[in-house]
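Listed below are the residues making up each chain.
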Amino acid sequence: FPADPGCTSVTDNTEANPQCSDGLDNDSDGQIDFPADTSCPNADANTEVTQCSDGLDNDGDTFIDLVDPTCGGVPSNNAESTQCSDGIDNDADTFIDFPADIGCSSLQDTNETNSPQCSDGRDNDGNGIIDYPNEPGCTTATDVFEGPDCSDTIDNDMDGAADAPDPGCAGPTDYNELANALSRSCSDGIDNDGDGAIDFPADAGCASAWDDVEYSPTGGGIVIVVNPATLPNGITGTFYAAALSATGGLTPYTFAVSAGSLPPGLTLAADGTLAGNPTTVGTFAFTVTATDLNGFTGTRSYSVTVGAPPVLRVPVPALSIWSLLALLALISAVAWAGLRR
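**Considerations on the sheet that holds strand β8 (residues 282-291)**
Thinking step 1. Taken in spatial order, the four strands line up as β2-β9-β8-β5 in an open sheet, and their pairing is mixed. The strands lining the two open edges of the sheet, one partner per strand, are β2 (234-235) and β5 (254-260).

In structure tokens, the structure reads:
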């Protein structure tokens, strides 16, 4: 082994040639070896007898050899029963055998597990177009469903709703989950996510030209920027107000403190309004996260210093020495007059 075809492995106990190349009519069917003996799939096969040529009803379906539809008319097939002909739902998808189970390409198929519809070589939705990238219902070759976006159970436009509940779906046959969309973002000639790249394949957020959106949570193409860059400081007891905003995603945005803490007395509303009456002197660091309509996020860290209100001081005018002497004389006169009473 491997030079001698009679050896199937280094542990084989005989160098005798396989039955399909030993010059003998091992199954007494009048045919010798491959390719004359149709029961031999190749010259290295070590038996001239297969389930489809042994004269037995191996799977108990009352059909023997080539009469058994699972043999497919091929004597060298060595299984009268496969996952696609055994009457069992082997992949637990509620469909059994060929042709009901789309995972079965024929009765001879040994695996009932479904291939993704967008790469299985079939026109699963009956529109005359087969598989990705030709099929408009396929975003990638691994899509399990070849039909319209509005009936594939997937949130294709990442708005939190899929199929019928999605306001962008006019009906189950709508190919696009985006409302009033006449074309898809990845083939409309527009830089929809503002990353400098347009459509598939230039935009890394596009899985294909049929993709509804030009960005993906893992593929980049979307950067949420929280503004402003800095916030004003505050004074205890004095009303404080600032407005946060965001760019780079789809509105509306929601804002929240994701780290640190606000100055006591201030609150951040979901719309980005930071307001209140600061109550504590100090410097407070915190991080704000903005989340857009599709769930993309951006953050910015801030530091706000709250100080005490200024002390009110009344200036006293300076007096000359003569003015002071005159003032003392006046005070003394008033005091003497009081004593005389």
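Now that the structure has been shown, the text picks up again.
**Here's the deal with the state of the cysteines**
One way to say it: the disulfide is the covalent bond shared by the sulfur atoms of two cysteines.
Thinking step 1. Inspection of the entire model under this criterion finds one disulfide.
Thinking step 2. Here Cys-150 engages in a disulfide with Cys-169; their sulfurs sit 2.1 Å apart. What sets the handedness of the Cys-150 and Cys-169 disulfide is the S-S torsion sign, and at about -90° it is left-handed. Placement of Cys-150 in the segment before β1 (225-227) and of Cys-169 in the segment before β1 is noted, with a sequence separation of 19 residues between them.
Thinking step 3. Overall, Cys-150 belongs to the buried group, its relative accessible area being 4%.
Thinking step 4. In this structure Cys-169 comes out as buried when scored by relative accessible area, which is 13%.

**Digging into the sheet that holds strand β3 (residues 240-243)**
Thinking step 1. The three strands lie next to each other as β3-β7-β6, forming an open sheet whose pairing is antiparallel. Every other strand in the sheet has two partners, leaving β3 and β6 (266-268) as the edge strands with one partner each. Averaged over all pairs of adjacent strands, the angle between their axes in this sheet comes to 10°, without regard to strand direction.

**Structural notes on the side chain of Asp-131**
Thinking step 1. Following the sequence through the fold, Asp-131 ends up in the segment before β1.
Thinking step 2. When neighbours within four sequence positions are excluded, Asp-131 is seen to be in contact with Gln-117, Cys-118, Ser-119, Asp-120, Gly-121, Arg-122, Cys-138 and Glu-146.

**Focus on the pairing of strand β9 (residues 297-307)**
Thinking step 1. Taken together, the two bridges between β2 and β9 define a ladder with parallel strand orientation. Note on β9: the bridge partner recorded for Gly-234 is Val-306.
Thinking step 2. For β8 and β9, the ladder comprises ten bridges, and the chain directions are antiparallel. Across the sheet, the residue bridging to Phe-284 is Val-304, located in β9.

**Describing the pairing of β8**
Thinking step 1. Direction of pairing for β5 relative to β8: antiparallel, over a ladder of six bridges. Note that in β8 the partner of Thr-254 across the bridge is Thr-291.

**Thoughts on unusual backbone geometry**
Thinking step 1. The omega torsion across Phe-200 and Pro-201 is 5°, close enough to zero to call that bond cis.
Thinking step 2. Along the chain, the position of Pro-201 falls in the segment before β1.
Thinking step 3. The phi torsion at Asp-199 lies on the positive side, around 60°, for a residue other than glycine.
Thinking step 4. Residue position: Asp-199 is located in the segment before β1.

Reading the values: rules and limits
- Residues numbered from 1 in each chain as written.
- Predicted model: local features only at pLDDT ≥ 70, side-chain atom pairs only at ≥ 80, totals over all residues.
- Heavy atoms only, no water.
- Pairing = 2+ DSSP bridges.
- Helix = DSSP H or I, 4+ residues; strand = E, 2+ residues; numbered from the N terminus.
- Disulfide = S-S within 2.5 Å.
- Buried < 20%, exposed > 50% of the residue type's maximum accessible area, 1.4 Å probe, protein only.
- Axes fitted to C-alpha atoms, helices over the stretch in contact; angles between N-to-C directions.
- Contact = heavy atoms within 4.5 Å.

These figures come from the coordinates and say nothing about function on their own.
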